[in-house]
Every structure is written in C-alpha cells, then in structure tokens.
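Overview (structure and organization)
So you can see what is in the structure, the chains are spelled out below.
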Amino acid sequence: MPSISTVTVLGTGVLGSQIAFQAAFHGFPVTAYDVSDDALAAARTRFDGLAARYQADPVVGASAEQTAAALERLTLTTDLAAAAADADLVIEAVPESLDVKRSVYSELAASAPERTIFATNSSTLLPSDLKEYTGRPDRFLALHYANEVWRYNTAEVMGTAETDPAVFEAVVDFASRSGMVPIEIKKEKAGYLLNSLLVPFLNAAAGLLVGGYAEPEMIDKTWRIATGSPSGPFQIYDVIGLTTPYNIAAANPDPGSQAFAAYLKENYIDKGKLGVATGEGFYRY
Ligand code: NAD
C-alpha cells in the first residue's frame, strides 16, 4: 500500500479549508493552494476561524496548543507546481465546474510526481468524468467530505473501475488517520451513499409539505418518534441552509420541485430566513 504522509489541498474555500485544517490538526504537514493572494488571505481567516471552532466544539475540545500546532503545519501557496512537488496525496476542492476541474487536473498532472495520488472532493461529478485529465487513472479516486468535517466526519471513498485497490486502501487509511470515518463505496454512484439516501428523503418531505398533507413540525415529529432519529427532514434542511435546496428545486422543471422552490422563496429566502446559520429557517435558533 502506498504511504501517505504529506498532503496538498487545492482550493481553500468552504470545504478545502476544512479538509486542510483537519489533516493538519491530525498531524499531517499540509500545503494549501489557491489561485490568488486574496484567496490565500481569505484562507488564513478561515483557518483562524476553524481553530476557534475546534476549541469551542465540545466533541473535539481542542486546546489552544493543538490548534496552534495545526496552523504551524499549514503552508499556503499560489504556485501549483510547488504545492504538488512533495505531495503523497493531493485533495482537490476547487469549484464544482467540470471545466475548472479538468483544467486544474491537466496542470497538476504535468507537475506532480508519479507517486502522487489525486482525490476529488466533488459532490456531483463522478471520478470517471475527470480521470482522463489526471494522467494517472489508477491513482485517482473520490474522497468526499461533508461540510463541518470535524463534526460530520464521514469521508466517502469511491474509485473508478481503474483505481488501483492499493491506492483505495491507502486513502481509506489516510481518512482514518486524519480523524475521519472512511465510508468505502464499492463502485461509482452519483451522490455517493449519503446523498443517495438523503436527497430522496428530503424530496419526499418537501412533497408532503407542498402537497398540503402536513406542516414541517408534524412531518419531523413523525420521523423522530417513529424511527428514533434525532432530527426530522426540515431540521436537516435548516442545518444544510435553505439556499442550496432552493437553487436545486428552482433548477428542476418538475412541478413539485417548482412548487417547493416557490414556497421556499416566498416564506424563507426573500425574508432572509436561511436556516440555522441565520438564526431562523423552518425553526428559530
Ligand atoms: P468554494 O467556492 O467555497 O471554494 C472553492 C475554492 O477554489 C475558492 O477558494 C477558489 O478561490 C478556489 N479556486 C477557484 N479556481 C481555482 C483553481 N483553478 N485552482 C485552485 N483553486 C481554485 O467551494 P466549496 O464549497 O469549498 O466546494 C469545493 C468542492 O467541494 C466542490 O467540488 C464541491 O462540490 C465540494 N463539496 C462542497 C461541500 C459544501 O458543503 N460546500 C460539501 C462537500 C463537497
């Protein structure tokens, strides 16, 4: 199995900054790459914010010394070739655009050492959509994190038919050693395991609401009591934030999706009630 001790993260936005910080917190030297000095300045602010979150989170309970050590292990750069030069693993978290990702992989393929494993954090693209641009389809796979990686610490590992099983195993091992719970997926599936379960569940809840069958509180209560689950679907919507579900529903021509988009827009989006992050969504926080 290839050994992974140095990590590079491409893109230092919402997820990239979390992935980089999480690996650094667990002892890996991490190089974080982004396209401009402004993006790197934003990344420094994100890392400081994450240090505070790791200290404040009751489950992680990090000490100031631990987060300071994590920050010490992070190096930031706008030079892609330098970022990749010593990487055992490159995790790509650049914007969710096929064109952007393909061009990043083409450039990366030309500069990374042969041994380097590439992993995409893409939520909606399959690794097969990108593999031919990596120059190493046998050393390429998806490693998919959930937002707030330190709390919702699943790491879905999903290769293509060409991914070397030893590479898959190395990435599973890296996920464990960086504080994640590796979720091994045997073959490619859009939505991985989590969204393959969650999206139909949330859509069904939206259908009950806009169909006029019940209010969110009643739907959530049913789910909580009858299954023992701590949260119902509308509580989950609030955690996700209502902007993303709104955008997805608005883009879907299906009448049920359009009705849900209109409902969200009128009652929540236009009123700035975007979920937990803004203090109110389906519920008040
Ligand atoms: P984001 O927009 O917050 O961050 C993207 C970052 O990439 C920015 O810092 C941007 O400056 C940088 N960037 C732009 N072009 C680049 C390039 N050519 N090379 C390197 N960096 C570049 O996006 P995000 O929400 O962090 O999403 C990144 C990836 O993670 C996407 O593939 C997304 O599907 C996936 N993802 C996101 C979430 C989420 O909840 N946000 C969850 C799981 C997976």
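Residues numbered from 1 in each chain as written. Predicted model: local features only at pLDDT ≥ 70, side-chain atom pairs only at ≥ 80, totals over all residues. Heavy atoms only, no water.

What about the domain arrangement of the chain?
The cut-off we apply is this: Start and end points for every domain follow an automatic or database-based domain assignment.
Each assigned domain of the chain is listed with its residue range as follows: domain 1 (7-185) and domain 2 (194-278). Computed over C-alpha atoms, the centres of domain 1 and domain 2 are 30 Å apart.

As for the environment of threonine 134
As a reminder, the rule being used: Every helix listed is a DSSP run of H or I at least four residues long, and every strand listed is a run of E at least two residues long, numbered separately from the N terminus. In what follows, residue pairs with any heavy atoms lying within 4.5 Å of each other are defined as contacts. As used in this structure description, the phrase polar contact means that two N or O atoms lie within 3.5 Å; if the pair is within protein, one of them must be able to donate a hydrogen and the other to accept it, and residues adjacent in sequence are counted only when both atoms belong to side chains.
For threonine 134, the location among the structural elements is in the loop between β5 (117-120) and β6 (140-145). Remark: the alpha-carbon pair of threonine 134 and alanine 43, spanning 91 residues in sequence, is separated by 26 Å. Setting aside residues up to four positions removed in sequence, threonine 134 forms contacts with Tyr105, Ala109, Phe118 and Phe140. Of note is the side chain of threonine 134, whose polar atom sits 2.6 Å from the backbone oxygen of lysine 131.

Description of the side chain of threonine 67
The criterion, for reference: Exposure is judged per residue with a 1.4 Å probe applied to protein chains only, and the accessible area is read against the type maximum: over 50% gives exposed, under 20% gives buried, and values in between give partly exposed.
Here threonine 67 is to be found in helix α3 (residues 64-72). A residue is classified by how much of its surface remains accessible, and threonine 67, at 2% relative accessible area, is buried. In terms of polar contacts, threonine 67 uses its side chain to reach the side chain of glutamine 55, at 2.9 Å. Once you skip the residues sitting within four places of it in the chain, threonine 67 turns out to touch Phe21, Phe25, Ala51, Tyr54, Gln55 and Ala62.

Observations concerning the packing of aromatic side chains
For clarity, the threshold we go by: Pairing of aromatic rings covers Phe, Tyr and Trp, the last through its six-membered ring, and needs centres within 6.5 Å; plane angles under 30 degrees mean stacked, over 60 mean edge-to-face, and all others mean tilted.
According to the stated counting rule, one finds 15 aromatic pairs in the structure shown. Between phenylalanine 28 and phenylalanine 174, the aromatic rings sit 5.0 Å apart at their centres with planes inclined by 70 degrees, giving edge-to-face as the arrangement. Taken together, the positions of phenylalanine 28 in the loop between α1 (14-25) and β2 (30-33) and phenylalanine 174 in helix α6 (residues 165-177) put the pair 146 residues apart, joining distant regions of the chain. Each ring, one from tyrosine 105 and one from phenylalanine 140, has its centre 5.3 Å from the other, and the planes form 70 degrees; the classification is edge-to-face.

Topic: α6
Defined as follows: Expected helix span is given by 1.5 Å per residue-to-residue step, counting one fewer step than there are residues.
Look at α6: 18 Å from first C-alpha to last across 13 residues, which is about the 18 Å you get at 1.5 Å a residue. Looking only at α6, the buried set comprises Val167, Phe168, Ala170, Val171, Val172, Phe174 and Ala175. Just downstream of α6, glycine 179 is the residue with a positive phi angle, here 80 degrees.

Regarding helix α11 (residues 255-267)
Turn by turn, an α-helix covers 3.6 residues, leaving residues three or four places apart pointing in a common direction. The line we're drawing: By definition, the arc is the one covered by directions from the helix axis to the C-beta atoms.
Taking 1.5 Å per residue as the helical rise, α11 with its 13 residues ought to reach 18 Å, and the 18 Å between its terminal C-alpha atoms agrees with that figure. What α11 keeps buried is the set Ser257, Phe260, Ala261 and Leu264. Projection of α11 onto a plane perpendicular to its axis shows the buried side chains occupying an angular sector of 100 degrees, all on one side. Facing away from the buried side of α11, by more than 90 degrees, are the exposed residues Pro255 and Glu266. Its buried side turned inward, α11 meets α7 (194-210), α9 (233-240) and α10 (243-250). A side-chain oxygen of the first residue of α11 lies 3.1 Å from the backbone nitrogen of glycine 256; this N-cap is aspartate 254.

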